[in-house]
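Breakdown of the fold
Each chain, letter by letter, is given below.
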Amino acid sequence: MKSNENLTRRNFVKRTTLATTGILSATLPIDAMANVYAEKKLKIALVGCGGRGSGAIVQALTADENTELVAMADAFPDRIEKSLAGIQEHFDGVKKIKVNPKHRFSGFDAYKKAIDMADVVILTTPPGFRPYHFEYAIANDKHVFMEKPLATDPVGIRKVLEVAKIAKQKKLNVVVGLQRHYQKKYTDLYARIQDGQVGKIMSGQVYWNGRGVWVRERQAGQTELEYQMRNWYYFNWLCGDHILEQHIHNIDVANWFVGGYPTEAQGMGGREVRNGIDHGEIFDHHFVEFSYANGAVISSQCRHQTGCMNKVEENFQGTKGTVSTRKGTIKNLDGDVSYNYSGIENPSSSMKNKGGGNPYQVEHDKLFASIRNGEVIADAENGAKSTLTAIMGRMATYSGKVITWDQALNSDLQLMPEMMTWGSTPPTLPDSEGRYKIPVPGKTKFY
Amino acid sequence: MIYKTVIIFAIFLSFNQTIDLNEAPYKQSIPGTSEKIDMVYVPGGSFMMGSPKSEKNHFGDEGPQHEVEIAPFWMGKYEITWELYELFVAREIDNKKPEKAEGNDVAIDVDGVSGATAPYTEMSFGMGTEGYPAICMTQLAAVKFCKWLSAMTGNFYRLPTEAEWEYACRAGTNSAYSFGDDASLLDEYAWHDGNSNGAYKKVGVKKPNPFGLHDMHGNVSEWTLDKYAPTEYKSRKRKKSINPYVQPTKTYPKSVRGGAWTDSKSRLRSAARRPSSKQWKKRDPQIPKSLWWHTDAPFVGFRIVRPETPPSPEEQKLYWN
């Protein structure tokens, strides 16, 4: 209720400022009115109580002393209890974490009840839900931290882009968990690219080649919907495939460093090794060429196969030099190192941590500082466009066709239903052997 | 000092002379894969554990020096590599375990061994996997690797105790390093922050110690079984400890040994000890943080040992849980 009062007061201020500026400034100092968040205790709600959401809450509560976790929401009550126990264990009594059992909301509409209670919301459900949760949070004037990716389909992306504009107008802070933007090694390299030390970036290679992630097996007695919600990584309406869910980090760095979004994508991919009954409908590898308006071409590869070369990094070649994000180096065109990021990002006895801090913490430190100072961080537009870049890559590998930016942006593809309840039928269903329809390049249309 | 060194070395030699043919090196094969683990025989004996105050860069937790007697064991010639560690993380070959395992030391069901979860991030940090040491595992994960390998092979494997580790590292020497006190020779034997160029290296590239063990100094630090107990040596003063082991009661701190590619030369000394820390999971973005991975410890790996006399099934559990 308190947050609603704040809302009302904010709107009141806005309206009256326009109408009766003179009277208002005579009665109250305008600075105090401008930022109601400067000193108050900030109430935080967690929407999506998995491991990452629980981690994000710990970072939020660590970023600002005068905060309180007031509500938690998840589709599953057991996830909420597990999350709360983990958060309490982390603070180990140093910070009291108490969430009234009445304010632990489960189900598909739980997010509304939790968001209503807060000043700042953490949105960390599977990405398919993100556009709807973000829309509701901004409509109700909340500051937001949300994990990447921001949607799984173009319909969701358009919603996020629209809401991002409203967030800006309302001067609400939105931080997106593309944490490389908050990692000193990357921001240092970017500053040097901006300075022209690399020239114009014309090509690059970005990778998330790893062994893959968790699998949650089907349990006896589960409905199809519950199974998909538990094993969400393998279903596109929820996850969007790993080119989106993980590799977006590297694709986003390409967009950031090149300085724009690609005009088209073409690529190939498939499901060669990780193709079991527990692995839903996603591919285990994608290779995409992203072309940019200035002629730059970025090769993107992501793989979830064990026993292969692992690599998660980005390399770029410019007209004056080359960049390696893993090494943190810039080399000139003779191969001599012209810049070497010296901050070591891992603690060790002889190399002290000079890395500018843990980026997962830094992103929350900046969010809360910005809220307190009445500033605005607006990450949602880039987050949506980098998400769309990865979706465009997925469309290219699923269809085997060239996909343009405009085709992707304007596509009617909608994987995530508008409305879900526990009675809903999931948008994808298994055949009699428990297998799902897998995209076939050359046949799958535009997916 | 010189007198003492000579005595220790003489003791070592006298044990060395009792080697019989069963006490030879061997290669441990793993059912369902062509991977093999090279095992080196380490004869039992006594040594002076820790370092004297006179040793350059001596740290308080390394003293006082005290006598320790160690029973014979085999030890991995190399640090466990990613190829081997991946077999444990993937657990796809458990069903290749033959009805009758090769060894008779261990009879446990491989299905009952906890499995490490897959990490969300890529844990080799682009430094290479084939032939490179596995890193970033928690001590729990390294312990469970040993249990899994034991279940698969029937031979009893575990992490070395801190005393066994130092005994094997010294290999009969009493100097700062297993090749003497001159740190300028270290480049022939070890990877450290002065020559690693910011990454670990393939195992076994540098010269071995007198026992034939590679990378005991440097490359990656190695897990031991022990709790890191900085004042423990005081309680062992002026007496002989036999196979000492400080069993941990909490997750942190445990002792890692040998120094790493991120460390300065002095941290690679035979006696140097380092505690594990909660900070090693600092950048794990999840809560609860992973039981199996240290996101911030790319300098920690392990190698395995197999005691010549296997413990009873009851006692085995002590080393695996």
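Residues numbered from 1 in each chain as written. Chains lettered and ligands numbered in written order. Predicted model: local features only at pLDDT ≥ 70, side-chain atom pairs only at ≥ 80, totals over all residues. Heavy atoms only, no water.

Observations concerning the overall build of chain A
Assigned secondary structure in chain A consists of 14 helices and 15 strands. Taking all 447 residues of chain A together, the buried fraction comes to 56%. Summed over all atoms, the accessible surface of chain A reaches about 18600 Å², with 52% contributed by carbon and sulfur. (Helix = DSSP H or I, 4+ residues; strand = E, 2+ residues; numbered from the N terminus. Buried < 20%, exposed > 50% of the residue type's maximum accessible area, 1.4 Å probe, protein only. Areas by Shrake-Rupley, 256 points an atom, 1.4 Å probe, with all protein chains shown as cover.)

Thoughts on the confidence of the model for chain A
Confidence in the prediction for chain A averages 90 pLDDT; 89% of positions are at 70 or higher. Contacts of residues 346-354 of chain A to residues separated by more than four positions or lying in other chains number 31 contacts, the stretch itself having pLDDT below 50. (pLDDT = per-residue confidence, 0-100. Contact = heavy atoms within 4.5 Å.)

Let's talk about helix α4 (residues 77-91) of chain A
Counting along an α-helix, one turn takes 3.6 residues, and residues three or four places apart therefore face a common direction. Residue and element names in this part refer to chain A. With 15 residues, α4 should reach 21 Å at 1.5 Å per residue; the first-to-last C-alpha distance of 22 Å fits that figure. Along α4, the residues classified as buried are I80, S83, L84, G86, I87 and F91. Buried positions in α4, seen along its axis, are confined to an arc of 165 degrees and lie on one side of it. Exposed residues on α4 whose side chains face more than 90 degrees from its buried face are K82 and E89. Elements in contact with the buried residues of α4: β1 (42-47), α3 (51-63), β2 (67-74) and β3 (104-106). (Expected span 1.5 Å × (residues − 1). Arc of directions from axis to C-beta.)

Focus: the packing of aromatic side chains
Residue and element names in this part refer to chain B. This structure, assessed with the given rule, holds 42 aromatic pairs over all chains. For the pair F145 and W148, a centre-to-centre distance of 5.9 Å together with 50 degrees between the ring planes defines the contact as tilted. With F145 and W148 both in helix α3 (residues 139-153) and 3 residues apart, this pair spans about one turn of that helix. With respect to class, F145 is no different from W148; both count as buried. Linked through ring pairs, W82, Y85, F88, F145, W148, W293 and F302 together constitute an aromatic cluster. Directly above the ring of W191 sits K206, whose terminal nitrogen or CZ lies 4.2 Å from the centroid. (Phe/Tyr/Trp six-rings, centres within 6.5 Å; stacked < 30°, edge-to-face > 60°. Lys NZ or Arg CZ within 6 Å of the ring centre and 35° of its normal.)

Digging into the sheet that holds strand β14 (residues 337-340) of chain A
Residues and elements named next belong to chain A. If you trace the 9 strands from one edge of the open sheet to the other, you get β14-β13-β12-β11-β7-β10-β9-β8-β15, paired in mixed fashion. Each having just a single partner strand, β14 and β15 (403-404) make up the two edges of the open sheet. With 8 bridges joining them, strand β7 (residues 201-210) and strand β10 (residues 297-304) adopt parallel strand pairing. By the bridge assignment, W208 is partnered in β10 with C302. (Pairing = 2+ DSSP bridges.)

Considerations on the pairing of β14(A)
Residue and element names in this part refer to chain A. Here strand β13 (residues 329-332) runs beside β14; their pairing, made up of 3 bridges, is antiparallel. In the strand pairing of β14, K331 is matched with V337. Here β13 folds back onto β14, and the loop between the two strands holds 4 residues, one of which, G335, carries a positive phi near 90 degrees.

With respect to the interface of chain A and chain B
With 38 residues of chain A in contact, the opposing surface of chain B contributes 31 residues. Summing both sides of the interface, chain A and chain B together bury roughly 2700 Å²; the carbon and sulfur share of this comes to 52%. On inspection of chain A and its partner chain B, the count reaches 1 salt bridge. In this structure, the salt-bridge partner of A:R211 is B:E86, at a minimum N-O distance of 3.1 Å. Counting across the chain A and chain B interface gives 8 residue pairs in polar contact (both at pLDDT 80 or more). Put simply, the parts of the chain that give the side of chain A that touches chain B at least two residues each are α3, α4, β7, β11 (311-318) and α12 (359-372) of chain A. It is α3(A) that contributes the most residues to the side of chain A that touches chain B, 7 residues altogether. Across the side of chain A that touches chain B, the residue classes tally to 11 nonpolar, 19 polar and 8 charged. (Buried area = accessible area lost by both parts, 1.4 Å probe. Salt bridge = Lys/Arg side-chain N within 4 Å of Asp/Glu carboxyl O. Polar contact = N/O pair within 3.5 Å; in protein donor to acceptor, adjacent residues only side chain to side chain. Nonpolar A, V, L, I, M, F, W, Y, C, P; charged D, E, K, R; others polar.)

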